Amino acid sequence: MADCERIIKMINDQVLSKTCDGEPKAFFVKMVGDYYRYISENAKGAKLEDVKQSALKAYNEANQITLPPCNPIKLGLALNFSVFHYEVMNNHKQACELGEQALSDALEKIDDVDEETFRDAKSIIELLKENLSLWKEEEGEKHLVCGICQDVLYRLVAAQPCLHNFCAACYSSWMARSDNCPECRQPVSYTHLRAHET
């Protein structure tokens, strides 16, 4: 942790405090975000919240710097920023959206770049694809689990309008005590028995 903080201070004091723009700035600001993310893996309590916000600030700043969509630093930023959202912030939706947008933008321009850029970009694009595939698979598995009993759904019902899924028996028991969704606590207008049961 101390080594990461020392590197962050060195980057801020010796690089980012001076004139630094474009690709070099994106590279170093991304690196600051990366090292704060590394710290977050072992931090706890108030320290964890501080480093999470510092990483988010750095990644957002780097993401505001305009670079071509196939630029390896731009793609590396999208890869690491999406991992940060998924693993540290636990914001799976934002992680997937960020990764998918970067992937879409890069694939649209990949045929226009030189051979070296193509080679570097292609390896990061493959990592983005692998992450997105894995994350969507994990999210799909979660959708097959009842939010009340945490077991595999049986006679699936969906609360409306939030669309959270539950076993029919679990949901019936819950609604005898409350009119709100067990997961998001929003008022439920009605429920829908899904045609496909698991």
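Just above, that's the structure.
Residues numbered from 1 in each chain as written. Predicted model: local features only at pLDDT ≥ 70, side-chain atom pairs only at ≥ 80, totals over all residues. Heavy atoms only, no water.

Counting its secondary structure elements, the chain contains 7 helices and 3 strands. The helix and strand sequence of the chain, counted from the amino end, reads α-α-α-α-α-α-β-β-α-β. Against the 2.2 N^0.38 benchmark of 16 Å for 198 residues, the chain shows a C-alpha radius of gyration of 22 Å, more extended than a compact globule. Of all 198 residues assigned to the chain, the portion counted as buried reaches 38%. Of the contacts formed within the chain by residues at least 6 apart in sequence, a portion of 54% connects residues at least 24 apart. A total accessible area of about 11800 Å² is found for the chain, and carbon and sulfur atoms account for 51% of it. Between the mean site of the 22 positive side-chain charges and the mean site of the 31 negative ones, the chain shows a separation of 5 Å. (Helix = DSSP H or I, 4+ residues; strand = E, 2+ residues; numbered from the N terminus. Rg over C-alpha atoms; globule rule 2.2 N^0.38 Å. Buried < 20%, exposed > 50% of the residue type's maximum accessible area, 1.4 Å probe, protein only. Contact = heavy atoms within 4.5 Å. Areas by Shrake-Rupley, 256 points an atom, 1.4 Å probe, with all protein chains shown as cover. Lys, Arg positive; Asp, Glu negative; His and termini not counted. Charge placed at Lys NZ, Arg CZ, Asp CG, Glu CD.)

With that settled, the discussion passes to the environment of Ile 73. Within the secondary structure layout, Ile 73 lies in helix H4 (residues 72–88). Using a relative accessible area of 17% as the deciding quantity, one classes Ile 73 as buried. Taking the C-alpha atoms as reference points, Ile 73 and Pro 24, separated by 49 residues in sequence, lie 9.1 Å from one another. Beyond its immediate stretch of four places on either side in the chain, Ile 73 contacts Glu 23, Ala 26, Phe 27, Lys 30 and Leu 67.

A few words on a negative patch on the surface. On the surface, a cluster of negative charge is made up of Asp 114, Glu 115, Glu 116 and Asp 120. Along the chain, Asp 114 turns up in the loop between helix H5 (92–109) and helix H6 (115–142). Overall, Asp 114 belongs to the partly exposed group, its relative accessible area being 47%. (Patch = residues over 30% accessible without salt bridge, like charges linked within 9 Å, V, L, I, M, F, W, Y side chains within 5 Å. Salt bridge = Lys/Arg side-chain N within 4 Å of Asp/Glu carboxyl O.)

Here Asp 34 shows up in helix H2 (residues 22–40). In terms of polar contacts, Asp 34 uses its side chain to reach the side chain of Asn 80, at 3.0 Å. The residues touching Asp 34, leaving out its near neighbours within four places in the chain, are Tyr 59 and Asn 80. (Polar contact = N/O pair within 3.5 Å; in protein donor to acceptor, adjacent residues only side chain to side chain.)

It is worth spelling out H4 at this point. For H4, built from 17 residues, the straight-helix expectation of 24 Å at 1.5 Å per residue is met to within 8% by its first-to-last C-alpha distance of 23 Å. Its side-chain oxygen placed 2.8 Å from the backbone nitrogen of Ile 73, Asn 71 serves as the N-cap of H4. The positive-phi residue at the C-terminal boundary of H4 is Asn 90, with phi of around 60°. (Expected span 1.5 Å × (residues − 1).)

Applying the stated criterion across every chain yields a total of 7 aromatic pairs. Here Tyr 59 and Phe 81 contribute two aromatic rings whose centre-to-centre distance is 5.1 Å and whose plane-to-plane angle is 25°, an arrangement assigned as stacked. Remark: Phe 81 occurs in helix H4 and Tyr 59 occurs in helix H3 (residues 45–63); sequence separation between them is 22 residues. For Phe 81, a relative accessible area of 1% corresponds to the buried category. Taking 5.5 Å as the distance between ring centres and 20° as the angle between the ring planes, the aromatic pair formed by Phe 166 and Tyr 171 counts as stacked. For the pair Phe 166 and Tyr 171, one class covers both residues: buried. Here the aromatic cluster, defined as three or more aromatic residues joined through ring pairs, consists of Tyr 59, Phe 81 and Phe 84. (Phe/Tyr/Trp six-rings, centres within 6.5 Å; stacked < 30°, edge-to-face > 60°.)

How two helices sit against one another is set out by the angle between their axes and by the gap between those axes. Contact geometry for H2 and H4: axes closest at 10 Å, N-to-C directions at 25°. The orientation of H2 relative to H4 falls into the category roughly parallel. Judged by the sense of rotation from one axis to the other, the crossing of H2 with H4 is left-handed. Taken together, the residues of H4 that come into contact with H2 (itself represented by Glu 23, Ala 26, Phe 27, Lys 30, Asp 34, Arg 37 and Ser 40) are Ile 73, Gly 76, Leu 77, Asn 80, Val 83, Phe 84 and Val 88. For the contact of H2 with H4, a count of residues per class yields 7 nonpolar, 3 polar and 4 charged. (Axes fitted to C-alpha atoms, helices over the stretch in contact; angles between N-to-C directions. Parallel < 35°, antiparallel > 145°, perpendicular 65-115°, else oblique. Left-handed = near helix turned anticlockwise from the far one by under 90°. Nonpolar A, V, L, I, M, F, W, Y, C, P; charged D, E, K, R; others polar.)

Moving on, we get to unusual backbone geometry. Its identity as a non-glycine residue notwithstanding, Asn 90 has a phi of 60°, on the positive side. A positive phi angle, close to 65°, is found at Arg 185, a residue other than glycine. Structurally, Arg 185 can be placed in the loop between helix H7 (168–175) and strand E3 (190–193).

Further remarks concern the nonpolar core. Grouped together as the largest cluster of nonpolar side chains are 38 residues, with contacts concentrated most on Tyr 36, Ile 39, Leu 75, Phe 81, Phe 84, Ile 125 and Trp 135. Looking at this core, the elements with two or more residues in it are helix H1 (2–16), H2, H3, H4, H5 and H6. Of the residues forming this core, the biggest block, 9 residues, is contributed by H4. Setting aside chain neighbours within four positions, we find Ile 125 in contact with Leu 75, Leu 103, Ala 106, Leu 107 and Ile 110. Listed in part, the 11 residues of the second largest apolar core include Cys 146, Ala 159, Cys 170 and Tyr 171. (Core = buried A, V, L, I, M, F, W, Y, C linked by side-chain atoms within 4.5 Å.)

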